[in-house]
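Results of the structural survey
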2 protein chains.
Amino acid sequence: MSDRIDRDTATRLTATEAAAAIASGALDAETLARGCLDKMAAREDVLKAWAYVDPAAVLRQARELDQTPSFGLLHGIPVAIKDVIDTRDMPTCHNSPIFFGHRPGADAGCVETLRAAGALIIGKTETTEFAAAGRHPPTRNPHDPRRISGGSSAGSAAAVGDGQVPLALGTQTGGSLIRPASFCGAYACKPTWGAVSREGARVYSITLDTIGWYGRSVADLDLMAEVYGIGRAQPAPASLDGVRIAFCRSPAWAATEPAMRDAFAAAERILTDAGATVTTLELPEAFSGLAAAHQVILFREGRAAFLNLYRAHKDLLHDEFRHRVENRDGFTDQALVAAYDLAARCRTEFDAIASGFDAIVTPSAPGEAPMGIGGGSPALNLIWTLLHVPCINLPAMRSPAGMPLGLTVTGPRFSDRRLLACAKVLDQAFIAKQPQGQGKVA
Amino acid sequence: MSDRIDRDTATRLTATEAAAAIASGALDAETLARGCLDKMAAREDVLKAWAYVDPAAVLRQARELDQTPSFGLLHGIPVAIKDVIDTRDMPTCHNSPIFFGHRPGADAGCVETLRAAGALIIGKTETTEFAAAGRHPPTRNPHDPRRISGGSSAGSAAAVGDGQVPLALGTQTGGSLIRPASFCGAYACKPTWGAVSREGARVYSITLDTIGWYGRSVADLDLMAEVYGIGRAQPAPASLDGVRIAFCRSPAWAATEPAMRDAFAAAERILTDAGATVTTLELPEAFSGLAAAHQVILFREGRAAFLNLYRAHKDLLHDEFRHRVENRDGFTDQALVAAYDLAARCRTEFDAIASGFDAIVTPSAPGEAPMGIGGGSPALNLIWTLLHVPCINLPAMRSPAGMPLGLTVTGPRFSDRRLLACAKVLDQAFIAKQPQGQGKVA
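The residue numbering used here restarts from 1 in each chain and proceeds along that chain's sequence as written. The naming scheme follows written order: chains are lettered A onward, ligands numbered 1 onward. Only residues with pLDDT of 70 or above have their local features reported here, since the model is predicted, and side-chain atom pairs are shown and tallied only from 80 upward, although totals for entire chains, interfaces and linings are computed over all residues.

Our next topic: the overall build of chain A. The helix and strand tally for chain A stands at 14 helices and 13 strands. Note that the radius of gyration is over C-alpha atoms, with the globule rule given as 2.2 Å times the number of residues to the power 0.38. At 20 Å, chain A has a C-alpha radius of gyration in line with the 22 Å of a compact globule built from 442 residues. For the C-alpha atoms alone, the extent of chain A along its principal axes is close to 65 × 60 × 40 Å. Labels follow a simple rule on C-beta atoms placed from the backbone: if 20 or more others lie within 10 Å of a residue's own, it is buried; if 12 or fewer, it is exposed; otherwise it is partly exposed. Counting over 442 residues, chain A shows a buried share of 65%. Secondary structure elements are defined from DSSP: runs of H or I of at least 4 residues count as helices, runs of E of at least 2 residues count as strands, and each element is numbered from the N terminus.

Have a look at this one:
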């Protein structure tokens, strides 16, 4: 107990390290929480990551946790929650004027599971309106505040990418977890569709909505997968020797920018040099229809999702949601059924293709975070969301401007834990090739 | 205004008739609400359909509606809500001790849409625990209180089947809308999957959960489809001449009892005699795997759905939910993926098959409502739920004991309104063949 970890050091630990330190008695939850709250406060004027934080309530809970025997894998670990996910003790506002100050009074399933593992829910993070469209989040990029953090899980990605908190929950319907992770230099996991309950998280598209998380390392992502009971931990390969990696440009390759293309090529060289068996994967022609299918499903399911708000609060609903409800694009039932059926066929086919590799690597975003405002393009993420496959973002590369460029590691449905194990050795190879400090959070 | 409808007469109107009467000034919402509350109170000791009713609050709202210009299709029409669907002004308890007295503080999407159409939310109805498993509803059958009303939408089906209220919301994950409708002699509609938002309704299985409703006529079901913005109203065929009906025994035919088999054969004769072109449909061999696929999906998705309650409230969670979370049946990821993919293939195939008919008719339940307690078997409903197709229950037939026997009218995904139009003429043919008063609500 004499070698206690101080507040500043605590905030540089990964979630996995901090949990071990708390379990060993070298760290207490209050110290860690105070460190996070300090960093959050110091950066909030610039980054605007937070929709709601009650520091006094956080510290009270941290002290409670310090007086409670450790009861879970996340005992005392701060976790930020995207503000489209219900929390019993904080408002959930969806960045919508309809829900200003709304207090749902119960935790979403995914939040209750975190609390049952001992997590300290530290605050709510900024989001695109309903994690969908309409109002942009105000959040700036932690690596360059002139740039966006990406949408829709903007605050969660920025808070983790900035080193304010070790873990955060987000959601993905298009590219809302992985794209901001790429922009903000955070590790992220979108698990297989359906693996985590969406009870109490705002619905946009039943077929697409997925709960996921941000962390400071692949081990952090794996820790969260364990908390949510997804599969079983898998041993990481001892090295990349013989590990079969497919580099997949995806049908959205045309959306990539030169910085990402260069980084993608460099990443292929890094993994090849490290001993991996690297091949190039081109998806069958049918997959080129998935982006359009994604949009039909998104807009048509969004029609059902926002009907009640349209009917009851039309004046306060952004026109982009009225667009969905009025089906202004005129997507027919036939088009929707065709989209469902194409997606289903491609899921089966992708699983078969992906089973020939240990991991598939593909870009997480078109390029570095854009300047200005907005959410950025989800083009590189849409098809993986629709395929329901697990996606892990590694903050592997940098642009010439020094901004993070993420790579997605993906594979068949429900290969989450095997992929996470494989991603550990990929991540090590990327870190070994980076200049000192690069790719690490502040 | 002199020809005003009295309380007793009002409660015998269908929702469609009552809405027209309110719109014309011949009826007011308070009179109708008082009539419903009287019937509910008179029968509750025997039937136990209600989880929560606040008569004074209902009457206050009815008077408010009477003082408001009519603003929607359901102005002043009482609608009962299954107690797994959130209501802002009433508890939502899921028939679970974990949620006794729980007040979510916001309406589910499907409830807010009803209120925006002017509906009077009259109370919450009894349900199987979480509309899933565990605790049975206490509800008795309105046609014979020694018999069950079926699960899980027990209270909604019984309240409508007993003539207490004209409309009610329910949910179906296995056979939870259509089976109780068959047992209780109610009209019911399970729309195409995804057509109605499930925001704020308890999640069991993302792939299967569907919001639906009960009414007193096919026109009532169609009115609700209009309120939820599902497709466009379709003209009913002038007669059954040339209407192509397929009688489908479904792969679960072995579960049917003699009374249903006889009724099914009699129904085929009635429609044939009425001029329909009736053929027999046997589904391809692949469809015989759908019931097993349903169970794998249900149990595995239920694992994610109940994880948080298992972790946070294990002692209060019925063992059948612990069973799901612990995956005691050992359903593998591979089995789950195979189930998803089989269902997807069969959806495409069924749509193609069904497009050759105006309607497909299949049993709504194995037979009449069983004696005793329990929910009854969903065997006849599972595959249609998994296929995501619209299902309409017609209380078309009677058992030798005089109990209702329902028939399901189904067709391709998103054919809801066309099916409802067709169901109107089927229903007329069945009504014409029934002894006086049979198949009509009390």
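Right, let's talk about the relation of the copies chain A and chain B for a bit. Relative to chain B, chain A is turned by 180° and slid 0.0 Å along the rotation axis, the superposed coordinates differing by an RMSD of 0.0 Å. Between the two chains, the operation in question is that of a two-fold axis. Each residue is represented by a C-beta atom placed from its backbone, and any two residues with such atoms within 7 Å are regarded as in contact. When the interface residues of chain A are mapped onto chain B, 100% of them again lie at the interface, so the same face is used by both copies. Copy-to-copy alignment: least squares on C-alpha atoms, limited to residues at pLDDT 70 or above in both.

What follows concerns helix H9 (residues 258–273) of chain B. All names here are of chain B. The end-to-end C-alpha distance of H9 is 22 Å, a good match for the 22 Å that 16 residues give at a rise of 1.5 Å each. The inward-facing, buried residues of H9 abut strand S9 (244–248), strand S10 (277–281), strand S11 (359–363), strand S12 (391–398), strand S13 (404–410) and helix H14 (416–433). Count one or two residues on from H9 and you reach Gly 275, which has phi positive near 110°. Given a helix with a known number of residues, its expected span is that number minus one, times 1.5 Å.

It is worth spelling out the interface of chain A and chain B at this point. The interface is formed by 32 residues belonging to chain A together with 33 residues belonging to chain B. Elements represented by at least two residues in the side of chain A that touches chain B include exactly helix H5 (109–116), helix H10 (290–313) and helix H12 (333–354) of chain A. Here the element with the most residues in the side of chain A that touches chain B is H10(A); it accounts for seven residues. Among the residues making up the side of chain A that touches chain B, the classes are represented as 14 nonpolar, eight polar and 10 charged. Throughout, the ten residues Ala, Val, Leu, Ile, Met, Phe, Trp, Tyr, Cys and Pro are labelled nonpolar, Asp, Glu, Lys and Arg are labelled charged, and all others, Gly among them, are labelled polar.

Residue and element names in this part refer to chain A. Domains are outlined according to an automatic or database domain assignment. Split by domain assignment, chain A resolves into domain 1 (7–227) and domain 2 (244–290 + 334–433). The gap between the C-alpha centroids of domain 1 and domain 2 is 24 Å. Taken together, the contacts link 38 residues of domain 1 with 37 residues of domain 2. Those elements that place two or more of their residues in the side of domain 1 that touches domain 2 are strand S5 (144–148), helix H7 (178–184), strand S7 (187–190) and helix H8 (218–227). Of the residues in the side of domain 1 that touches domain 2, the class split is 16 nonpolar, 16 polar and six charged.

What follows covers the nonpolar core. In this structure, Val79(A), Leu120(A), Val79(B) and Leu120(B) are the most contacted members of the largest nonpolar core, which totals 308 residues. Not counting chain neighbours up to four residues away, the residues in contact with Leu120(B) comprise Ala29(B), Ala33(B), Val58(B), Gln61(B), Ala62(B), Leu65(B), Gly76(B), Ile77(B), Pro78(B) and Val79(B). One nonpolar core equals one set of buried Ala, Val, Leu, Ile, Met, Phe, Trp, Tyr and Cys residues connected by C-beta atoms within 7 Å.

We now examine the packing of H8(A) against helix H14 (residues 416–433) of chain A. For any two helices packed against each other, the geometry is given by the interaxial angle and the distance between the axes. Residue and element names in this part refer to chain A. To obtain each axis, a line is fitted to C-alpha atoms, and for helices this fit is confined to the stretch in contact; angles are then taken between N-to-C directions over 0 to 180 degrees. Taken N-terminus to C-terminus, the directions of H8 and H14 make an angle of 170°; their axes are 9 Å apart at the nearest point. With respect to their mutual orientation, H8 and H14 come out roughly antiparallel. Residues Val 218, Leu 221, Asp 222 and Ala 225 of H8 lie in contact with H14, whose contacting residues are Asp 416, Arg 417, Leu 420, Ala 423, Lys 424 and Asp 427. In what follows, roughly perpendicular refers to angles from 65 to 115 degrees, roughly parallel to angles under 35, roughly antiparallel to angles over 145, and oblique to any angle outside these ranges.

Our focus in this paragraph is the environment of Asn308(A). In this structure, Asn308(A) sits in helix H10. For the pair formed by Asn308(A) and Val243(A), sequence separation is 65 residues and the distance between their alpha carbons is 50 Å. Ignoring any residue separated from it by four or fewer positions in sequence, one finds Asn308(A) in contact with Gly109(B), Glu112(B), Thr113(B), Ala116(B) and Ser197(B).

Attention now moves to the sheet that holds strand S1 (residues 50–52) of chain A. All names here are of chain A. By this definition, two strands are paired if DSSP reports at least two bridges between them. Strand order in the open sheet formed by 11 strands is S1-S3-S2-S6-S8-S7-S12-S13-S11-S9-S10, and the pairing between neighbours is mixed. Each end of this open sheet is capped by a strand with a single partner; those strands are S1 and strand S10 (277–281). When strand polarity is set aside, the average angle formed by the axes of neighbouring strands in this sheet is 30°. Alignment of strand S12 (residues 391–398) against strand S13 (residues 404–410), held across six bridges, turns out to be antiparallel.

By the criterion of burial, helix H5 (residues 109–116) of chain B is predominantly enclosed, with eight of the eight residues buried. What H5(B) keeps buried is the set Gly109(B), Cys110(B), Val111(B), Glu112(B), Thr113(B), Leu114(B), Arg115(B) and Ala116(B). Taken together, the buried residues of H5(B) touch H10 of chain A together with strand S2 (78–82), strand S3 (120–125), strand S6 (167–172), strand S8 (210–215) and helix H8 (218–227) of chain B. Positive phi appears at Gly118(B), one or two residues downstream of H5(B), with a value of about 90°.

This part covers the packing of H12(A) against helix H12 (residues 333–354) of chain B. For the pair H12(A) and H12(B), the least separation of the axes is 10 Å and the interaxial angle reads 145°. Where H12(A) crosses over H12(B), the two elements pack in a sense that is left-handed. Facing Val337(A), Asp341(A), Ala344(A), Thr348(A) and Asp351(A) of H12(A), the residues of H12(B) in contact are Val337(B), Asp341(B), Ala344(B), Arg347(B), Thr348(B) and Asp351(B). Taken together, the residues of the contact of H12(A) with H12(B) sort by class into four nonpolar, two polar and five charged. By the definition used in this description, the sense in which the near helix is turned from the far one sets the handedness, with an anticlockwise turn below a right angle giving left-handed and a clockwise turn giving right-handed.

Residues and elements named next belong to chain B. A sheet is described by the order of its strands in space; here 11 strands give the open sequence S1-S3-S2-S6-S8-S7-S12-S13-S11-S9-S10, paired in mixed fashion. Two strands in the sheet have a free side with no partner beyond their single neighbour: strand S1 (50–52) and S10. The mean inter-strand angle of the sheet, taken between neighbouring strand axes irrespective of direction, is 30°. Sheet strands in contact with helix H3 (residues 29–47) are S1, S2 and S3, and its direction is about 15° off that of S3.

Attention now goes to the environment of Ala276(B). Residues and elements named next belong to chain B. Take Ala 276: it is sitting in the loop between H9 and S10. In the structure, Ala 276 is positioned 111 residues away from Val 165 in sequence and 33 Å away in space, judged by C-alpha atoms. In contact with Ala 276, other than residues within four places in its own chain, are Leu 240, Val 243, Ile 245 and Leu 271.

Next up on the list: the environment of Asp333(A). Residue and element names in this part refer to chain A. When you line up the elements, Asp 333 lands in helix H12. C-beta crowding within 10 Å serves as the criterion here: with 17 such atoms nearby, Asp 333 is assigned to the partly exposed category. Taking C-alpha positions, Asp 333 is 8.7 Å from Arg 300, a pair spaced 33 residues apart along the chain.

Residues and elements named next belong to chain B. Counting buried positions over the six residues of S3 gives six, a clear majority of the element. Note: S1 against S3, two bridges, orientation antiparallel. Counterpart to Trp 50 in the pairing with S3 is Thr 125. Strand direction decides the pairing type here: S2 and S3, joined by five bridges, are parallel. From the neighbouring strand, Pro 78 faces S3, where its bridge partner is Leu 120. You can see the chain leave S2, run along H5 and come back into S3, and the turn it takes is right-handed. If you view a crossover with the strands going away from you and the path from the first strand over the helix to the second runs clockwise, you call it right-handed.

This part covers the confidence of the model for chain A. A residue-level look at chain A finds 98% of positions with pLDDT of 70 or above and a mean pLDDT of 96. With a pTM of 0.97, the predicted complex shows an ipTM of 0.97. Across the chain, each position has a pLDDT score giving the predictor's confidence in that residue, from 0 to 100.

Here we take up unusual backbone geometry. All names here are of chain A. Between Gly 151 and Ser 152 the backbone carries a cis peptide bond, its omega angle lying at -5°. Summarising the element assignment, Ser 152 is placed in the loop between S5 and helix H6 (154–161). A positive phi is found at Lys 48, a non-glycine position, where the angle reads about 55°. Looking at where Lys 48 falls in the secondary structure, it is placed in the loop between helix H3 (29–47) and S1. Despite not being glycine, His 94 has its phi angle at roughly 55°, a positive value.

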